[in-house]
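# Structure assessment
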Amino acid sequence: IKILIKMNDLNNPDLKSKTKKHLTKSIVVYNDDHNSFDWVISSFIDLLKHDLQQAEQCAHLIHFKGKCGVKSGSLKELKPYKDGLIDRGLSAVIE
């Protein structure tokens, strides 16, 4: 199957946003029963450079909703952050 893109399509904002969406991933942290709020919050601050308010909000969303997207970017950018969260015992995946 050949896909032809006209030069005009390269400047189409709809096409650009669709392409960018596929490249953007998120680290999602899932709730668990063994990590404390303080540990999760300090992990977000230390590894993800969240400020205190953002780290607390993410921790509460994880607790009450079961999961939270804590950082977005490319797969290459996110992998070291995800690995760091896993090393700290958090349930983190890239989606």
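Note that the structure is predicted; figures quoted are calculated from it, not measured.

## Thoughts on unusual backbone geometry
- Positive phi is not limited to glycine here, since Lys49 has a value of about 65°.
- Its place among the elements puts Lys49 in the loop between α3 (37-48) and α4 (52-65).

## Notes on the nonpolar core
- Judged by nonpolar contacts, the single largest core of 16 residues is most densely connected at Ile27, Val29, Phe44, Val70, Leu85 and Leu90.
- At the level of elements, β1 (25-30), α3, α4, β2 (67-73) and α5 (75-87) are the ones that each hand at least two residues to this core.
- Not counting the four nearest positions on each side in its chain, Leu90 is found in contact with Val29, Asn35, Trp39, Val40, Ser43, Phe44 and Leu85.

## Remarks on the packing of α3 against α4
- Taken N-terminus to C-terminus, the directions of α3 and α4 make an angle of 130°; their axes are 9 Å apart at the nearest point. What the angle tells us is that α3 and α4 run oblique. Crossing angle aside, the handedness with which α3 passes α4 is right-handed. Seen from α3, the contacting residues are Phe37, Val40, Ile41, Phe44 and Ile45; seen from α4, they are Leu52, Ala55, Glu56, Cys58, Ala59, His60, Ile62 and His63.
- Of the residues in the contact of α3 with α4, the class split is 10 nonpolar, two polar and one charged.

## Describing the environment of Ile86
- Locating Ile86 in the fold gives a position in helix α5.
- You can call Ile86 partly exposed: its relative accessible area is 38%.
- For the pair formed by Ile86 and Val29, sequence separation is 57 residues and the distance between their alpha carbons is 9.5 Å.

## Digging into α5
- Its 13 residues place the ends of α5 18 Å apart at the C-alpha level, agreeing with the 18 Å of an ideal helix rising 1.5 Å per residue.
- Along α5, the residues classified as buried are Leu78, Lys82, Gly84 and Leu85. Viewed along the axis of α5, the buried residues span an arc of 160°, placing them on a single side of the element. Exposed side chains of α5 directed beyond 90 degrees from the buried face belong to Lys76, Pro80 and Asp87.
- In this fold, the buried residues of α5 make contact with β1, α3, β2 and β3 (91-94).
- Of the residues one or two after α5, Gly89 is the one with positive phi, at around 90°.

The rules we used
- Residues numbered from 1 in each chain as written.
- Predicted model: local features only at pLDDT ≥ 70, side-chain atom pairs only at ≥ 80, totals over all residues.
- Heavy atoms only, no water.
- Helix = DSSP H or I, 4+ residues; strand = E, 2+ residues; numbered from the N terminus.
- Core = buried A, V, L, I, M, F, W, Y, C linked by side-chain atoms within 4.5 Å.
- Buried < 20%, exposed > 50% of the residue type's maximum accessible area, 1.4 Å probe, protein only.
- Contact = heavy atoms within 4.5 Å.
- Axes fitted to C-alpha atoms, helices over the stretch in contact; angles between N-to-C directions.
- Parallel < 35°, antiparallel > 145°, perpendicular 65-115°, else oblique.
- Left-handed = near helix turned anticlockwise from the far one by under 90°.
- Nonpolar A, V, L, I, M, F, W, Y, C, P; charged D, E, K, R; others polar.
- Expected span 1.5 Å × (residues − 1).
- Arc of directions from axis to C-beta.

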